[in-house]
Amino acid sequence: MCGIVGAVGATECTPFLLSGLRTLEYRGYDSAGLALLDASGALVRARAKGRVSELERRVAEQGVAGRVGIAHTRWATHGVPAERNAHPHVSRGLAVVHNGIIENYAELKQQLQALGYAFTSDTDTETIAHLVQACLAGGNAFADAPAADLFAAVRCAVAHLEGAYALAVVREEEPGCSEEPCLIVAREGSPLMLGVGEQGHYAASDASALLSVTRRMIYLENGDVGRLTREAIELIDGQGQPVAREVVTSSLSADAVELGDYRHYMQKEIFEQPQALGNTLEMLGGAGRLQPGIFGADAEAIFAEVDAVLILACGTSSYAGMTARYWIEQLANLPCSVEIASEYRYRHSVANPRQLVVVISQSGETADTLAALHHAKAMGHTRTLAICNVPESAIVRETALRFITRAGPEIGVASTKAFTTQLAALFLLTLLLAKANGRLSNESANDGVDDSPEQAFLTELRHLPVAVEKLLALEPEIEAWAQRFAHKQHALFLGRGHHYPIALEGTLKLKEISYIHAEAYPAGELKHGPLALVDAEMPVVVIAPNDELLEKLKANMQEVSARGGQLYVFADGCCGFEQGEGVNLIRLPEHYGLLSPVLHVVALQLLAYHVALVKGTDVDKPRNLAKSVTVE
Ligand code: F6R
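The shown structure was predicted, so the numbers you read here are calculated from the model rather than taken from an experiment. (Residues numbered from 1 in each chain as written. Predicted model: local features only at pLDDT ≥ 70, side-chain atom pairs only at ≥ 80, totals over all residues. Heavy atoms only, no water.)

Considerations on the site of the ligand
Part 1 of the argument: In the vicinity of the ligand, 14 residues are found, and the nearest of them are Ser317, Ser361, Gln362, Ser363 and Thr366.
Part 2 of the argument: In this structure, an oxygen atom belonging to the ligand sits 3.1 Å away from a main-chain N or O atom of Thr316.
Part 3 of the argument: Contacts to the ligand include Thr366, whose side-chain N or O atom sits 2.5 Å from an oxygen atom.
Part 4 of the argument: Burial of the ligand by the protein chains amounts to 90% of its free accessible area of 400 Å².
Part 5 of the argument: Considering only residue class, the shell around the ligand consists of four nonpolar, eight polar and two charged.
Part 6 of the argument: For the shell around the ligand, the domains that each give at least three residues are domain 2 (265-452) and domain 3 (473-615). (Near = heavy atom within 4 Å. Polar contact = N/O pair within 3.5 Å; in protein donor to acceptor, adjacent residues only side chain to side chain. Areas by Shrake-Rupley, 256 points an atom, 1.4 Å probe, with all protein chains shown as cover. Nonpolar A, V, L, I, M, F, W, Y, C, P; charged D, E, K, R; others polar. Domains from an automatic or database assignment.)

As C-alpha cells, this is what we get:
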C-alpha cells in the first residue's frame, strides 16, 4: 500500500527519496510524487501517475533538488489513480504525504471549503494539508490563535483527525526552523519510523526504505508527533508530553531486499523457504523438549489455562490458521475456530475469556487483523498471541505472547515464505498446547532412546527444510504443466482434511498472479454442486497425500474423470496412481504426515508462479493488490 519516505540532511536528498520509493514499490502503488525545499527554501513538487521510473524522469526534467523533502507512493483509496490525486498535496507553501484513511475528511473538507480553501484533488489527504494551514492561520474553528510554527500546527491538525495516518509535512520558510529546515511527522494507526543517520534524519513507513542510509531507527508510537532537523529529533506523545523513544538497530540486511540472480522476488522467496524455515526453527536447537518460553515469558502459564483457541487473520495468513485448526484439534484436543478478521471485528460473537486468541499476520500491520485484535481485547480476551514476521509491528506490540517467524523480508505481493514459516510456528504452538493439555507423552523409553511423540514431531520439524529443498527440485515438472494452464479461464482445486486450506491457498496464489479464476473445494463437496462445472476444459488440481483420506479422494477423482475433467494430481510416492488419459501426475518425494501441507503448498506456489510467467503478468506486483493492507 502507500509508502512514505522523508529526509532532512546535509546533502541533496532527492536520490535517497527516489531510491526509498523504489524500495517501497513492492507494497503496490499506482502513482508517486515528491516535494522538496530547494536551495532558496521554496517548495518544489513533482508527481506522476504510474511507476517511480516515470517520477524519476519528471524529477530529472524539472531539475527538482533540495536538502529536505518528502516522497510518496500512492495506492488509491479516495479518488482514481491520477496525477492530481498523487501525493504530496499542498496548501499555500506546505506539502503533506499521508498513509492511512481519514474517516471524517468529508466533514473537515466542508468546513475548510467554507474558510476559503480550494481543493484540487479527490483525496482525504488534501484535507490534512489545508487543515495544517488553517492551524497556522488561526482565528477559525480549528485554532483560536495562529500556531507558533509547523510543529505546533501539525499537533493542532491531528487533534481534529479521525482515522489512521502516518504523515510527513514540509513547509517553505518555516518560522520555527529559521536556522535549519525541518520535517514534521505524525503517526496514528499506520506505521512510521525514523532513521538516525550520519548526515541527517529520515522518516519512512517501512524500515527497508531507510537501510541505504542507516540501521539506527526509532519506531513511532500511536499519537506521536515529531520534528526532525538535520541535528535533532524532538518528539511529543499523544498526551502532549515530550517523549524519548528508544533507538534500535535494525537487523534487516540491505541484501535481504535485493533480487540477486532471481527473475522475480516471488521466485526468490519460494526458493528461500528451506532457509526461512531453518531460521524460524533455529530456536529449537538440538533440544529434545519444547520450551513454551519461545512464545513469551508467560506462555507456560497461559497455555496451561486455555480451554479453546480462536485464530484471527486475513488472506493467506487465515489459511495458515485453517490448517492449524486441524492440528490443534487433533493433537491438543482443544476446540479451535478460525475467523476472517474483517468479519470478526464487526460480528456479535460470544467471548470465552479462557480462549487463546491467536492473530496471524506477515506484516503485523494489516488493518483488519489489528482491529480484530482490538475487538477481541475489548470483549475481555487477555490471552493473546501474535504470530508475525515483523518484530517491530503494531500487532506484535499489542499481544501478551508473540512468536516472530524468521522468513526475512517478503517483497513479492503473493505471500509464500511467510506462509510456510507461519505453518511451522503454528505446529510448534500445537505441540506446546498438546503438551500443556497432557496429550504428548514426555516419557523417554527405558533404553535411553527418546521416542516420545514430542521428540518424533521435533525431528520431523527439523527435517522440514531438507524436505522442502527436495520438493523444489520438482520445478521443471511443474513448469511443464504451466503451459496447459495458461490458456484456461477457470480451475478447480481439491483437497481433503488439513490439505483443504492448502487447496484454498493454491487457488489464491493462482488468482493473484495469473488472474485465472480458481476455486477450492474439500473434495467430498464436489458432488454437492461444483461437479456441474467439470468438463474437458476444466483443469482440476488434486492434492493427494498418502493419508487416511486417500481412498475417499480417489473416489472423488473418479467423479471428475467420468465427466471428462483433466486431473492434475500432486501425489506422494506409493499412492498407486498412474499417469494416463486425463490424469497428469507429479509425485512428491515423500509423505510428510501432519506436516505434509508445508510441502504440498510449495508445489502449488511453483505452479502459480510458472502459469503467471507464461501469461506474462507482473508477478511481484499483481494488478490492484498491495503488499500490506493497512487500510480497511
Ligand atoms: C496473499 C497475501 C494476502 C495476505 C493478507 C494478510 O498472497 O499475501 O492474502 O496474506 O493480506 O496479510 P498479513 O499476513 O500481512 O496480515
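Having put the structure on the table, let's press on.
Considerations on the domain arrangement of the protein
Part 1 of the argument: Parsing the protein into structural domains produces domain 1 (3-257), domain 2 (265-452) and domain 3 (473-615).
Part 2 of the argument: Here domain 1 and domain 2 have C-alpha centroids that lie 35 Å from each other.
Part 3 of the argument: Tallying the contact residues gives ten residues for domain 1 and ten residues for domain 2.
Part 4 of the argument: Overall, the association of domain 1 and domain 2 removes approximately 960 Å² of surface from exposure, summing both partners, and the carbon and sulfur fraction of that is 53%.
Part 5 of the argument: Area buried by domain 1 at its contact with domain 2 is led by Tyr26, Tyr219 and Val257, which between them contribute 50% of it.
Part 6 of the argument: Counting across the interface, domain 1 meets domain 2 through one salt bridge.
Part 7 of the argument: Among the salt bridges present, the one from Glu221 reaches Arg397, with a minimum N-O distance of 3.5 Å.
Part 8 of the argument: Where domain 1 packs against domain 2, one counts one residue pair in polar contact (both at pLDDT 80 or more). (Contact = heavy atoms within 4.5 Å. Buried area = accessible area lost by both parts, 1.4 Å probe. Salt bridge = Lys/Arg side-chain N within 4 Å of Asp/Glu carboxyl O.)

Some remarks on the environment of Ser361
Part 1 of the argument: Within the secondary structure layout, Ser361 lies in strand E17 (residues 355-361).
Part 2 of the argument: Sequence spacing of Ser361 and Ser318 is 43 residues, and the spatial spacing of their C-alpha atoms is 8.5 Å.
Part 3 of the argument: Engagement of the side chain of Ser361 in a polar contact is seen with the backbone nitrogen of Ser363, the distance being 3.5 Å. (Helix = DSSP H or I, 4+ residues; strand = E, 2+ residues; numbered from the N terminus.)

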